[in-house]
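Chains, contacts and geometry: an overview
If you want the building blocks of each chain, they are given just below.
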2 protein chains.
Amino acid sequence: MSVQKPSIPQGTRDFGPVQVARRNYIFGIIRRVFEKFGFAPLETPTMENLSVLTGKYGDEGDQLLFKILNSGDFLNGKKGPVTAEDLAAGSKATLPKVAEKGLRYDLTVPFARYVVMNRGQLTLPFKRYQIQPVWRADRPQRGRYREFVQCDADVVGTNSLLCEAEIVLMIDEVLTSLGLTDFSIKINHRGVLSGIYQALGGVGRESDLFVAIDKLDKIGQDGVTKELLERGFPQAAIDKVFAYLQVGGSFAEKLETLRSMFGADGTLQDAAAGPAKGLQDLAEVQQYLQDFGFEHFERLDFDVTLARGLSYYTGCIFEVKVNNVQMGSISGGGRYDNLTGSFGLPGLSGVGFSFGVDRIYDVLETLELFPADAVSAPLCLLANFDAEGRPALLPLLRGLREAGLSAELYPEVSKLRKQFEYADKRGIRYMLLAGSEERAQGVVKLRDMRAGSEQTVPAAEVVATLQGLA
Amino acid sequence: MSVQKPSIPQGTRDFGPVQVARRNYIFGIIRRVFEKFGFAPLETPTMENLSVLTGKYGDEGDQLLFKILNSGDFLNGKKGPVTAEDLAAGSKATLPKVAEKGLRYDLTVPFARYVVMNRGQLTLPFKRYQIQPVWRADRPQRGRYREFVQCDADVVGTNSLLCEAEIVLMIDEVLTSLGLTDFSIKINHRGVLSGIYQALGGVGRESDLFVAIDKLDKIGQDGVTKELLERGFPQAAIDKVFAYLQVGGSFAEKLETLRSMFGADGTLQDAAAGPAKGLQDLAEVQQYLQDFGFEHFERLDFDVTLARGLSYYTGCIFEVKVNNVQMGSISGGGRYDNLTGSFGLPGLSGVGFSFGVDRIYDVLETLELFPADAVSAPLCLLANFDAEGRPALLPLLRGLREAGLSAELYPEVSKLRKQFEYADKRGIRYMLLAGSEERAQGVVKLRDMRAGSEQTVPAAEVVATLQGLA
């Protein structure tokens, strides 16, 4: 074997002990909340057939799929040998001959695939959560990785707006449990956005309007105006758009103002669709939250400019931003009409949302919100003075573990300084010292590595003492 | 988008709610034990560079690696275009041009790669555990999957046999915690196996001898004899081998008998290596376990015929079998000399072991050892009678969740029969019924879906009642 300097692929990461513990802390809180709200876990395979993945994420998404080379003689697979003509036709044309599987790109398509494959056994409404990595061949950059974990929760098979209200509660509970307080849960509705477009009386293209609106945060009113002018919207229409976007007040006030404006613009005729449906849904979500006794309404921001996922969301739309940290959205979601249509099962609607754990991690780190005990270092290191101490130390070590405490004996007799260094570097809180003198007296010394203090404890009481300190 | 019947790749699996909960139950116990013994978690990327993976698992292993097709125009990559000459040279020759990454094949090579990349920061001894899936393009068959989870724990940077003793303790605690009682932790030593070969005075090939010995379980003494004869071992040598393999008695008695036999065969000259070292190591492991007060010595089986991983294990060797279920080994490991040599860092020794979770799952299922609460269904479903009930029900629902209980309201007003069916299919234990009559009286009915019994509880006491039942 030749010697080489090993490396890891671009855009991927190793997670050492501290990072794993901190990530598990986040996952644990998300999982607990999902389960309290009645969501059940699902896990799907890392590899999916390309026939399942391709065409679901647009052309750009297809490019970003990681494809698995067929096993064995991949140049001579089931679909015949790769030929000189294939080479001439290029990679895209050759792909089906050399790869039939790809890595999971998100959790929604595998979820839809699972629902279709198991539709006979599933009880609707089906509430599933899924916490698994996904892979995208994006250009790596700060905060964007090629392997990252998504945490999704979806309910399919019901139109009840209770689900939307509970999404707000879950987001609030997860972020509050993580110690965050200054965040906004933005909510909007596809019908409201449609209403704004309808109010323009058919000028320009709907998608151009929404794409521009969504940039308001970044490029400001002047930028959006410029973009809409370039795309052929007349100034009068643009003024009307901003009249809508600038509606202010409380959640209820915004609903009220928008209702008058849409009424005046004559877009409320169809009470079951468009802006009428949008305002009614939002009012119902608000009512659910009031009945729940939700006390953080100041965090719920009815944001008329929120326009994301417009190619699939058909009802409420969510997005969450932390206000006191410069960071993109840390959660988002919405209601969709047609989860499984591309797999031959039309008409299944649902609502879901997702947490971006990598961003949440960075936010907690920036705000120093990770609790001190979100580490996985052992509580106690037993110093190894001499082989003679072993018959006394090992039963003690065993007792600590039987009490559920994490502890270890330094595996070799060596200099005490080295053992202290080891405890220090690993972040071990307590060192237990029992040299021949202590053993003769039936005591041990317990050193608090953080405080630098030391106490002498009867050997028989060590377990109880450390339990009290853990 | 064309409509298609979706499927998942051969040898992969979806895990529904019950399976995820049961697998997490197993992972949870393993993780808790690893951490109690002072092991810290590590997670490595799913994809590794092929330069890291290739050549580490033998030719067969290289075949079984899943390779990732390079992103973008894979026929025209950094190493130049794939040419007609490449096609003629075949898949193996073409591979480096189209793929530079592969999926993790085991947890040991990524661990070694991590150690080498982080050698400057690591504190030795380094105790890491890792619970992650691995992928192998094996022919799928019953109990053998292309994606499966490994649970490894390793200590590198110390030769202390305390580590071997603690492996025995960890295996015993994990399996005992899972409810298993009838299993054998087989232990042997590379030095003992070498001693048997040395005792033959240089006939045959060492690897032939060990491969045959390892099959004793499956093909019996006659089968092994036949194989050894075919490979050129004289009958006298084979008789001598069986004299060693048939050594019986307790752990200590076996050590004693082997010491005399090796002594008589003149293979104990070098006290620091070979059988002398093997017997001494095993005696020391036994001593550690006695000092720990290990009370399951009947499960520790010094098995002279255990011969696995001989190309990398250099000290103790472990393997665990469940006796009352037909199943291959559920755990195994050993001490190795040279974890990181192929990455340019020689001389780093360690010892590690691994649990096979899929097999453990099957064993627990066969023996019906999964606890009833290893499920992830909500505890309670609140029936949805009418919209009028909502202002009373939602605060109640919130109260249950604030008490840490999982609960949900059926999202739509619908027939009670349908709601019962839903609770039943999801395995929800309690239904909370509060129709207009109950609400007028300030009570709710709690129905135990398993027992079929019902009780009436004051609405204000529901949370406490369900907490008591959870």
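Residues numbered from 1 in each chain as written. Chains lettered and ligands numbered in written order. Predicted model: local features only at pLDDT ≥ 70, side-chain atom pairs only at ≥ 80, totals over all residues. Heavy atoms only, no water.

1. Things to note about the nonpolar core
Soluble globular proteins tend to pack their nonpolar side chains together in the buried interior. Heads up, the rule is: Each nonpolar core is a collection of buried residues, namely Ala, Val, Leu, Ile, Met, Phe, Trp, Tyr and Cys, held together in the definition by side-chain atoms within 4.5 Å. Note on classification: 1.4 Å probe, protein chains only; a residue is buried when its accessible area is under 20% of the maximum for its type, exposed when over 50%, partly exposed between these limits.
Counting 265 residues, the largest nonpolar core has L175(A) and L175(B) as the members making the most contacts within it. With twelve residues, the next largest nonpolar core counts F66(A), L103(A), W135(A) and A137(B) among its residues.

2. A few points about the interface of chain B and chain A
Much of the literature gives interface size as the accessible area that the parts lose upon coming together. Our working rule: Here, two residues are considered to be in contact whenever any of their heavy atoms come within 4.5 Å of each other. Two parts lose some accessible area (1.4 Å probe) when they are put together, and adding that loss for both gives the buried area. In the sections that follow, a salt bridge refers to a side-chain nitrogen of Lys or Arg positioned within 4 Å of a carboxyl oxygen of Asp or Glu. Residues adjacent in sequence count toward polar contacts only when both atoms are side-chain atoms; beyond that, a polar contact is any pair of N or O atoms within 3.5 Å, and within protein one must be able to donate a hydrogen and the other to accept it.
Contacts between the two partners involve 108 residues from chain B, matched on the other side by 108 residues from chain A. Summing the contributions of chain B and of chain A, the shared interface buries around 9,200 Å²; its carbon and sulfur component is 59%. Our count for the chain B to chain A interface comes out at ten salt bridges. The partner of K127(A) in a salt bridge is E408(B), and the shortest N-O contact between them spans 3.0 Å. Viewed at the interface, chain A and chain B are joined by 40 residue pairs in polar contact (both at pLDDT 80 or more).

3. A short note on the relation of the copies chain B and chain A
One copy of the chain maps onto the second through a rotation around an axis plus a translation along that axis. Condition: To superpose the copies, least squares is applied to the C-alpha atoms of every residue with a pLDDT of at least 70 in both.
The two copies are related by a screw operation: chain B maps onto chain A through 180° of rotation and 0.0 Å of translation along the axis, at an RMSD of 0.1 Å. What the superposition gives is, in effect, a two-fold axis relating one chain to the other. Across chain B, the smallest distance between a C-alpha and the rotation axis is recorded for I68(B), namely 2.3 Å. Of the interface residues in chain B, 100% have counterparts in chain A that sit at the interface too, so the contact is made through matching surfaces.

4. Concerning the domain arrangement of chain A
Short version of the rule: Each domain's extent was defined by an automatic or database domain assignment.
When cut into domains, chain A gives domain 1 (17-45 + 104-366), domain 2 (47-103) and domain 3 (380-469). Domain 1 of chain A and domain 3 of chain A are separated by 52 Å when their C-alpha centres are compared.

5. Focus: the pairing of strand β16 (residues 430-433) of chain A
Residues and elements named next belong to chain A. In plain terms, the rule: Note on conventions: DSSP H or I runs of at least 4 residues are helices, E runs of at least 2 residues are strands, and numbering of each starts at the N terminus. Note on pairing: two strands pair once DSSP finds at least 2 bridges between them.
Burial of β16 is two-sided: the residues Y430 and L432 facing one way and the residues M431 and L433 facing the other way are all buried. For strand β14 (residues 380-382) and β16, the ladder comprises three bridges, and the chain directions are parallel. Its bridge partner lying in β16, L381 is registered against M431. In this structure, β16 lies alongside strand β17 (residues 443-448), joined through four bridges in antiparallel fashion. From the neighbouring strand, L433 faces β17, where its bridge partner is K445.

6. Section: the pattern of salt bridges
Counted by the stated rule, this structure contains 72 salt bridges over all chains. For E438(B), the salt bridge goes to K445(B), with nearest N and O atoms at 3.5 Å. For E438(B), a relative accessible area of 13% gives the class buried. The network of salt bridges with common partners includes R205(A), D208(A), K215(A), E227(A) and R231(A).

7. A look at the sheet that holds strand β10 (residues 300-302) of chain B
Residue and element names in this part refer to chain B. For the record, the criterion: Note on geometry: axes are C-alpha line fits, over the in-contact stretch for helices, and angles between N-to-C directions span 0 to 180 degrees.
An order of β1-β7-β8-β13-β12-β11-β9-β10 is seen for the eight strands of this open sheet, with the pairing classed as mixed. Either end of the sheet is taken by a strand with one partner, and the two such strands are β1 (40-41) and β10. The sheet contact formed by strand β12 (residues 331-336) and strand β13 (residues 350-356) spans six bridges and is antiparallel. If you follow G333 over to β13, its bridge partner there is F353. This element, helix α7 (residues 162-177), spans β7 (126-135), β8 (147-156), β9 (183-189), β10, β11 (313-322), β12 and β13 of the sheet and lies at about 15° to β13.

8. Focus on the side chain of Q419(B)
With respect to the helices and strands, the residue Q419(B) is situated in helix α16 (residues 416-426). Once residues within four sequence positions are removed from consideration, Q419(B) is found in contact with L381(B), L382(B), A383(B), N384(B), Y410(B), E412(B), S414(B) and M431(B).

9. A closer look at unusual backbone geometry
Residue and element names in this part refer to chain A. Here the bond from L124 into P125 is cis, since omega is -10°, no more than 30 degrees from zero. Among the structural elements, P125 can be located in the loop between α6 (108-117) and β7 (126-135). Positive phi, normally seen in glycine, also occurs at E368, with a value near 55°. Inspection of the secondary structure puts E368 in the loop between α14 (357-366) and β14. E368 gets classed as exposed once you look at its relative accessible area, which sits at 70%.

10. Re helix α18 (residues 462-469) of chain B
Residues and elements named next belong to chain B. Put simply, the rule reads: The directions from the helix axis to the C-beta atoms form the arc being described.
Turning to α18, its buried residues are V462, T465 and L466. Mapping the buried residues of α18 onto a view down its axis gives an arc of 90°, with all of them on the same face. Facing away from the buried side of α18 by over 90 degrees, the exposed positions are A464 and G468. Against the buried residues of α18 lie β14 (380-382), α15 (390-402), β16 (430-433), β17 (443-448) and β18 (453-458).

11. Section: the sheet that holds strand β15 (residues 407-409) of chain B
Residues and elements named next belong to chain B. Spatially, the five strands line up as an open sheet ordered β15-β14-β16-β17-β18, and their pairing is mixed. Each end of this open sheet is capped by a strand with a single partner; those strands are β15 and β18. For this sheet, the mean inter-axis angle between neighbouring strands, taken without regard to orientation, is 25°. Relative to the sheet, α16 contacts β14, β15, β16 and β17, its axis offset from that of β16 by approximately 155°. Of the strands in this sheet, β14, β16, β17 and β18 touch α18, which is tilted by about 140° from β18.

12. Here we look at helix α10 (residues 216-230) of chain B
Residues and elements named next belong to chain B. Filter applied, for reference: For a helix, the expected span equals 1.5 Å multiplied by the residue count minus one. Bend at a given residue is defined as the angle between two axes, one fitted to the seven residues that end at that position and one fitted to the seven that begin there.
Between the first and last C-alpha of α10 there are merely 16 Å, a value that for 15 residues lags more than 12% behind the 21 Å anticipated at 1.5 Å per step. A maximum bend of about 75° is found in α10 at D222. Considered for burial, the residues of α10 that qualify are V224, T225, E227 and L228. Buried residues in α10 make contact with α9 (206-214) and α11 (235-245).

13. With respect to the packing of aromatic side chains
Two measures describe an aromatic ring pair: the distance that separates the ring centres and the angle between the ring planes. Residue and element names in this part refer to chain A. The criterion, for reference: Each aromatic pair joins two rings of Phe, Tyr and Trp (for Trp, the six-membered one) with centres within 6.5 Å, and gets the label stacked for planes under 30 degrees apart, edge-to-face for over 60, and tilted for any other angle. A ring is scored as having a charge over it whenever the NZ atom of a lysine or the CZ atom of an arginine sits within 6 Å of its centre and within 35 degrees of its normal.
In this structure the tally under the stated criterion is 30 aromatic pairs over all chains. Seen in terms of ring centroids, F111 and F126 are 6.0 Å apart; in terms of plane orientation they differ by 25°. Their pairing is stacked. With F111 in helix α6 and F126 in strand β7, the pair connects residues that are 15 residues apart, well separated along the chain. According to the relative accessible area criterion, F126 is buried, its value standing at 8%. On the basis of an interplanar angle of 70° and a centroid distance of 5.3 Å, the ring pair of F294 and F297 is categorised as edge-to-face. Owing to a relative accessible area of 6%, F294 belongs among the buried residues under this scheme. Ring-pair connections join several aromatic residues into one group, and the members of that group are F34, F39, Y129, F353 and F355. Here the basic side chain of R136 rests over the ring of Y105, its NZ or CZ set 4.2 Å away from the ring centre.

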